[in-house]
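The residues making up each chain are set out below.
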Amino acid sequence: MAESVAGLLINQLSTLLSPEITLLGGLKSDVQFIKDELESMKAFLREAEAKEDNDSQLRAWLKQVREVAYDTEDVLDDFTFRFARGYKDGFYGKVGKIYNSIKNLKARHQISLEIKDIKARVGQISERHRRYQSQYGTQERGFSSSRHADADFDIRSQSLFIEEAQLVGIDKPKAELISKILDDHSQLKVVSVVGMGGLGKTTLVKKVYDDAAVNKQFQSHAWITVSQNFQFSDIIKNLIQQLYNEIRRPVPRRVESMDDIMLSEFVRDFLRERRYILVLDDMWSIDAWEAIKCLLPDCNITSRVVLTTRIADIASASCLGSLDSVYKMEPLSDKESWTLFCNRTFHSNDCPPNLEEVAKKILKKCEGLPLAIVAIGGVLALKDKEKTDEWEMILHGFGGEADGSGKLDRIKRVLLLSYNDLPHYLKSCLLYLSIYPEDYPINVEYILLKWIALGFVEEKQGMTSTNVAMRYMKELINRSLIQVKSTLTDGRLDTCGLHDFLREIIVSKSKEQDFTTVATRYYTRWPKKVRHLAIHNFTDNPQEFSSLKCLRSVVIFGYEDPLTTTFLSKFLSGDPKLLKVLDLHGAELDNIPKQVFKLFHLRYLNLSGTGVKIIPKSIGKLQNLEVIDLTGTNVTKLPVEILKQRKLRSLWLGGWGDYSNEYANWGCKCPFGIGKLICLENLTNIEADCYKIVREIGNLVQLRQLCITKLRRQDGEELLSSLLRLTNLRQLSISCIKEDEILDLQHSVSPKLEFLTRLRLNGRLERVPQWVTSHSVQSLRMLRLDNSRLREDENVIGSLGHLPNLVSLTLYGAYEGETLCFKVGGFQKLQRLELMQLTRLKWMRVEEESMPSLRYLQLIGCKLMQELPSGIQNLTGLQFLGFLDMSNELMHKVQNLDKQSVDYQTISHIPEVCTGYWINDRWEPKFL
């Protein structure tokens, strides 16, 4: 974490020291000294953090680095708080500048003393750094042997520790992996096994490597543990030694005098005429693979390389372009997990009845990770089987078992290898996830914006901060540290999370580094300096909020007594002037406390789901705001002062609810001039009931998401003209001003939204706009038409059926015809179809080769339909069929599908592929 804090601080210092920034004045040389010293230490910090557990002096030094970096960040943020704020124009502005100059002389002197004190501390830390540098060395990761002993211990303990898991759930993956290895191939084949630490990759590959059927296919066999301490010359010599041991011959003496190039040629010559299998266990970098690949002759068509890694990019890069050769390790099933747990804990398949409930709760935390199951099973095996309270203590004190107390140190070391391997800019991002409660679905869009607001995301030329943050997220997923929990139909990441065991380790690490603090009804003791505070079901506490001067973020997750305006005012009286993120989602606030508008550094303000009604003019003081979330509030109008927030990137307004139907959304009035907020990327539920607002939207050329409400018919052409300029748009929602108003979107003006993936049109349409069905929206994946009332002669289905990438289509009150026909060749990629409140629909027909990819079909409120869709047997990939609020005749036929009726014969294939269906509000898992 010291490396991460130092890295982020160096970036901040670089910005302050740039020629464009002139705030520092006489402090510039001292700040430059601090930056230079931190940069000189940065290369050593990663090596030091990997060794700190075994060296108390090193651990103390790292703590000093971390604290001085934190203190420097605090002083610099305080500096900008005092001196970087803008002033009014005119006479009052000049008076204000004079007043503040006099007032801040003392403050500048105080900050100058603090920076000089930090400079002296950094000098002392640097002296110790030079001493440690000579003692430990600072070679780059990947070519250093300094961690050889530690890494070997981790790998050996992982492999041996998981040996007990090998007989549970290994037969199927073993057979699949052997099949990948032994199938015929026209060239050298590389098979990679990828998954998070502790899944049993090494154990699986070892069982395959030792299998007689595999063994006899190859003349030479070698197993190389690459690991994080990769050193090329050691790898080659180890390989040569194994190859010669196998043929019972001594290694030629000349090998000792060879350089790496000669050694590589020696190995290639040896392997060129032999069928070989080579295992490369625990690969951590593509560079390591590229170096080892040079050893392998590509002329041998029957040889195999098997590689294990935690990093998906390495797995795919090593497989020579064949993704079929990547084997992704999966967690054990619930049944397999229980078997392994009982074998390890009770040395049998039985669990005492008195322990079964608590045992299953503990097992759930392991989430099918064999190493975790064996580890916790080893702890529980020593507990008294008659004392349920001891097991309950393990359950409730789960995090304490992984905090270095020794009981689960081995799994902690295995999982921390992945953390320690992270570049500094990802460590803060990962540790910040420790603010979330267990099993909490983390919204990907929101966490990215918080990372950005907190300064964790480095700027990249030619890329938006959002794109860089998404790259960080995907890299953490790629490294098997973050799990994808759900995705949206258009393929975007929706929610993510952490494996429970990894989460406990991250929470422990974060607490140890004084990075995050979680306040709960059970734990209210805060450290001296709180940086990131999460409130989990906290109760109002009389504690004085005196340790908030370093606070950067506050996020609430429920409140025992709802968090009120009074409590928030009391909390903010602790003077958290450096606060950047304030997330009050769901709090019972009736207004925004005035203390909020003193938070000059605030970048992220979430008031969604609160009772706030008015945004005061004071909002203009928060000139660093990047995100304002007001969805689900009672705010109906924004003040003109919102236009001062020129850094604003996300403005979420209004919400979705029942003002005319349950799928409707309401908006918020914005002042004229909204087009000045040119950094906006997300703008939702803005009321556009006049042409000026519609025209100004065209100035927001960075928009990726736009939701516009109350559009009038006469403003349709103006909106299309604005959309012509929004070439970055990914999501678009347009709603008319009233139920009978027509969305007039059919004009000669045709926007080319080549990146648009989601589109919703809510209102009457005379016809489907031509630009929707043309080549202008080739990327469209999700389309929803609400209350469109399209006529049968408009060929709605025919016009939409040729959208090449459409995967989800929803028609809600959108069609007034009696028949819907899905014709041959239409909707080739459609996976989800929802037909709702089509009140005149009587018949639906599906022709052959229509919707071949459909998985989900739901019909709701189509009460005139009396028959099942004709040709439904053509939907050979259907997995879900849903009916709700349909005619009694149709519902009766659905309920009797198990009878040999005409309807059953029509869809006789579905029971084999369809996992279930809805009958009103009841789920039926199978047709038969």
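Keep in mind it's a predicted model, so treat the numbers as computed, not measured.

Chemist: Help me understand the overall build of the chain, please; the structure alone is not making it clear to me.
Modeler: When its secondary structure is counted, the chain shows 29 helices and 30 strands. Within the chain, residue pairs in contact and separated by at least 24 positions form 65% of the contacts whose partners lie at least 6 positions apart. Approximately 40,900 Å² of the chain is accessible, and the part contributed by carbon and sulfur atoms is 49%.

Chemist: Help me understand the environment of Leu454, please; the structure alone is not making it clear to me.
Modeler: Examined against the element boundaries, Leu454 turns out to sit in the loop between α19 (444-453) and α20 (465-478). As for Leu454 and Ser428, which are separated by 26 residues in sequence, their C-alpha atoms are 9.8 Å apart. When sequence neighbours within four positions are dropped, the list of residues in contact with Leu454 reads Tyr432, His532, Arg552, Ser553, Lys580 and Val581.

Chemist: Honestly, the sheet that holds strand β4 (residues 304-309) in this entry has me stumped. Any pointers?
Modeler: In a beta sheet, neighbouring strands are held together by backbone hydrogen bonds and run either parallel or antiparallel to one another. Read across the sheet, 5 strands follow the order β2-β3-β4-β1-β5 without closing on themselves; strand pairing throughout is parallel. In this open sheet, the two strands that pair with only one neighbour each are β2 (220-225) and β5 (326-328). Mean inter-strand twist for the sheet, computed between neighbouring axes without regard to direction, equals 15°. Two strands pair when backbone bridges link them, and strand β1 (residues 189-194) and β5 are joined in this way by 3 bridges, in the parallel orientation. Counterpart to Ser192 in the pairing with β5 is Val326.

Chemist: Can you help me understand unusual backbone geometry in this one?
Modeler: As a rule of thumb, non-glycine residues mostly have phi less than zero, and peptide bonds are mostly trans rather than cis. Although it is not a glycine, Gln837 adopts a positive phi angle of roughly 50°. Its place among the elements puts Gln837 in the loop between β25 (832-836) and β26 (843-846). On the basis of relative accessibility, which here comes to 28%, the residue Gln837 falls in the partly exposed class.

Chemist: Help me out: how do you make sense of the sheet that holds strand β8 (residues 493-497) in this one?
Modeler: Read from one edge of the open sheet, 3 strands run β6-β8-β7, paired in antiparallel fashion. Each end of this open sheet is capped by a strand with a single partner; those strands are β6 (442-443) and β7 (483-487). Relative to β8, β6 runs antiparallel, the two sharing 2 bridges. Its bridge partner being in β8, Ile442 is matched across the sheet by Cys496.

Chemist: In this structure, what is going on with the pattern of salt bridges? I would like to understand it.
Modeler: Should the charged atoms of two oppositely charged side chains come close, the side chains can pair. Going through the model one piece at a time under the given rule, you end up with 39 salt bridges. Here Asp74 makes a salt bridge to Arg531, at a shortest N to O gap of 3.2 Å. Of this pair, Asp74 sits in helix α3 (residues 56-83) while Arg531 sits in the loop between β9 (516-520) and β10 (532-538), and the two are 457 residues apart along the sequence. Across the pair, Arg531 and Asp74 agree in class, each one buried. We note a salt bridge from Arg845 to Glu847, for which the minimum N-O separation is 3.5 Å.

Chemist: What's the story with the confidence of the model for the chain in this structure? I'm lost.
Modeler: Predicted coordinates in areas of low pLDDT are best not read in detail. In this model, the chain carries an average pLDDT of 81, and 83% of its residues clear a pLDDT of 70 or more. Across residues 138-166, confidence stays below pLDDT 50; counting only partners more than four residues off in sequence or on other chains, it has 68 contacts. Between residues 898-928, whose pLDDT stays under 50, and residues either more than four places distant or in other chains, the model counts 74 contacts.

Chemist: Explanation requested: the packing of aromatic side chains in the structure shown.
Modeler: How two aromatic rings sit relative to each other is given by the distance of their centres and the angle of their planes. Overall, the coordinates contain 15 aromatic pairs when judged by the stated rule. With a centroid separation of 5.4 Å and an interplanar angle of 75°, the aromatic rings of Tyr209 and Trp223 are classed as edge-to-face. Of this pair, Tyr209 sits in helix α7 (residues 201-210) while Trp223 sits in strand β2, and the two are 14 residues apart along the sequence. Counting every residue linked through ring pairs, the aromatic cluster contains Trp338, Phe341, Phe346 and Trp391.

Chemist: Sorry, what's going on with a negative patch on the surface here?
Modeler: On the surface, a cluster of negative charge is made up of Asp384, Glu386, Asp389 and Glu392. Structurally, Asp384 is set in the loop between α15 (370-380) and α16 (388-396). For Asp384, a relative accessible area of 33% translates into the label partly exposed.

Chemist: Honestly, the pairing of β25 in this entry has me stumped. Any pointers?
Modeler: It is a general feature of regular strands that their side chains alternate between the two faces of the sheet. Counting buried positions along β25 gives 4 out of 5 residues, so the element sits mostly inside the fold. Bridge analysis of strand β23 (residues 808-812) against β25 gives 5 bridges, and the strand direction is parallel. Looking at β25, one finds that Leu811 is bridged to Leu835. The pairing of β25 with strand β27 (residues 856-860) spans 5 bridges and is classified as parallel. Residue pairing across strands places Met836 opposite Ile860, the latter belonging to β27.

Chemist: Please clarify how α15 should be interpreted in this entry.
Modeler: Counting along an α-helix, one turn takes 3.6 residues, and residues three or four places apart therefore face a common direction. Summarising burial for α15: 11 of the 11 residues are buried, a large majority. Listing the buried residues of α15 in full gives Pro370, Leu371, Ala372, Ile373, Val374, Ala375, Ile376, Gly377, Gly378, Val379 and Leu380.

Chemist: Can you help me understand the pairing of strand β18 (residues 682-687) in this one?
Modeler: Taken across its 6 residues, β18 has 6 buried, putting it largely inside the fold. Note: strand β15 (residues 650-652) against β18, 3 bridges, orientation parallel. Looking across to β18, one finds that Ser650 is bridged to Asn682. With respect to chirality, the unit in which β18 leads through helix α23 (residues 691-697) into the neighbouring parallel strand β19 (residues 705-711) is right-handed.

Chemist: Would you take a moment to explain the environment of Ile125 for this structure?
Modeler: Within the secondary structure, Ile125 sits in helix α4 (residues 90-136). Separated by 88 residues in sequence, Ile125 and Glu37 place their C-alpha atoms 9.1 Å apart. The residues contacting Ile125, other than those within four sequence positions of it, are Met41, Trp61, Gln64, Val65 and Val68.

Chemist: What is the right way to read the nonpolar core from this model?
Modeler: Considering soluble globular proteins, one finds that nonpolar side chains tend to be buried as a cluster. One finds Trp61, Phe341, Leu430, Tyr432 and Trp451 to be the most contacted residues of the largest nonpolar core, which totals 128 residues. Per-element tally for this core: the top contributor is α3, with 11 residues. Sequence-distant contacts of Trp451, defined by excluding residues within four places in its chain, comprise Cys429, Tyr432, Leu433, Phe456, Val457, Ala469, Tyr472, Met473 and Leu476.

Chemist: Looking at this structure, how should I read the side chain of Thr610?
Modeler: The topology assignment puts Thr610 in the loop between β13 (604-606) and β14 (627-629). Looking at Thr610, its side chain comes within polar contact range of the main-chain oxygen of Leu607, at 2.7 Å. Not counting the four nearest positions on each side in its chain, Thr610 is found in contact with Leu584, Gly586, Ala587, Leu589, Gly632 and Thr633.

Chemist: Help me understand the packing of helix α14 (residues 356-366) against α16 in this model?
Modeler: Each pair of packed helices gets described by two things: the angle between the helix axes and the distance between those axes. Close contact between α14 and α16 brings their axes to 10 Å; oriented N to C, the two are set at 20°. Comparing the axis directions of α14 and α16 gives the class roughly parallel. In terms of crossing hand, the pair formed by α14 and α16 is left-handed. For the pair α14 and α16, the contacting residues are Val358, Ala359, Lys361, Ile362 and Lys365 in the first and Thr388, Trp391, Glu392, Ile394 and Leu395 in the second. Classifying every residue of the contact of α14 with α16 by side-chain character gives 6 nonpolar, 1 polar and 3 charged.

Chemist: Before we go on, may I ask you to explain the environment of Ser264 in this structure?
Modeler: In this structure, Ser264 sits in helix α10 (residues 260-272). Distance from Ser264 to Leu296, taken between C-alpha atoms, is 8.7 Å for residues 32 residues apart in sequence. In this structure Ser264 touches Phe232, Ile236 and Leu295, once residues within four positions along its chain are discounted.

Chemist: Help me out: how do you make sense of the packing of helix α9 (residues 232-246) against α10 in this one?
Modeler: Closest axis-to-axis distance for the α9/α10 pair is 10 Å, and the angle between their directions is 30°. One element, α9, and the other, α10, form an angle in the roughly parallel class. Two packed elements cross with a definite hand, and for α9 against α10 that hand is left-handed. The segment α9 lies against α10, with Phe232, Ser233, Ile236, Lys237, Leu239, Ile240, Leu243 and Tyr244 engaging Asp260, Leu263, Ser264, Phe266, Val267, Phe270 and Leu271. Within the contact of α9 with α10, the residues separate by chemical class into 11 nonpolar, 2 polar and 2 charged.

Chemist: In this structure, what is going on with α20? I would like to understand it.
Modeler: In this model α20 runs 20 Å from its N-terminal to its C-terminal C-alpha over 14 residues, within 8% of the 20 Å that 1.5 Å per residue would give. For α20, the set of buried residues is Thr466, Val468, Ala469, Tyr472, Met473, Glu475, Leu476 and Asn478. Looking at the buried residues of α20, the elements they touch are α12 (312-318), α18 (424-432), α19 and β8. Remark: Ser480 follows α20 within two positions and exhibits a positive phi of approximately 65°.

Conventions used here
- Sequence order as written defines residue numbering, which begins from 1 separately in each chain.
- Reporting in this predicted model follows two pLDDT cut-offs: at least 70 for local features of residues, and 80 or more for side-chain atom pairs to be given and counted; totals over whole chains, interfaces and linings ignore these cut-offs and use all residues.
- Computation of side-chain values covers all heavy atoms of the structure but excludes hydrogens and water.
- Helix and strand definitions follow DSSP, with helices as H or I runs of at least four residues and strands as E runs of at least two, each counted in order from the N terminus.
- Here a residue-residue contact requires only that any non-hydrogen atoms of the pair lie within 4.5 Å.
- Areas reported as accessible are Shrake-Rupley estimates using a 1.4 Å probe. Residue values count occlusion only from the protein chains shown.
- Only strands joined by at least two bridges in the DSSP assignment are considered to pair.
- Note on geometry: axes are lines fitted to C-alpha atoms, helical ones only across the stretch in contact, with angles between N-to-C directions running from 0 to 180 degrees.
- Type-normalised accessible area, obtained with a 1.4 Å probe on protein chains alone, sets the label of each residue: buried when under 20%, exposed when over 50%, and partly exposed for intermediate values.
- By definition here, a salt bridge exists when the distance from a side-chain nitrogen of Lys or Arg to a carboxyl oxygen of Asp or Glu is within 4 Å.
- The pLDDT value tells you how sure the predictor is about a given residue, anywhere from 0 up to 100.
- For Phe, Tyr and Trp, where Trp contributes only its six-membered ring, two rings pair if their centres lie within 6.5 Å, and the inter-plane angle classes them as stacked under 30 degrees, edge-to-face over 60, or tilted in between.
- Residues forming no salt bridge and having over 30% relative accessible area are the ones grouped into patches, like charges within 9 Å of each other and nonpolar side chains (Val, Leu, Ile, Met, Phe, Trp, Tyr) within 5 Å.
- Positive residues here are Lys and Arg, negative ones are Asp and Glu, while His and the chain termini are left out of the count.
- By convention, the point assigned to a charge is CZ for Arg, NZ for Lys, CD for Glu and CG for Asp.
- Throughout, right-handed denotes a crossover for which the path from the first strand over the helix to the second runs clockwise when the strands point away from the viewer.
- Each nonpolar core is a collection of buried residues, namely Ala, Val, Leu, Ile, Met, Phe, Trp, Tyr and Cys, held together in the definition by side-chain atoms within 4.5 Å.
- The definition of a polar contact used here is a pair of N or O atoms within 3.5 Å, where within protein one atom must be able to donate a hydrogen and the other to accept one, and adjacent residues in sequence count solely through side-chain atom pairs.
- An angle below 35 degrees is read as roughly parallel, one above 145 as roughly antiparallel, one from 65 to 115 as roughly perpendicular, and any other as oblique.
- Crossing handedness follows the turn of the near helix against the far one: under a right angle anticlockwise gives a left-handed crossing, and clockwise gives a right-handed one.
- Any residue outside Ala, Val, Leu, Ile, Met, Phe, Trp, Tyr, Cys, Pro, Asp, Glu, Lys and Arg is labelled polar, Gly included; the first ten of those are nonpolar and the last four are charged.
- A helix's residues, less one, multiplied by 1.5 Å, set its expected span.

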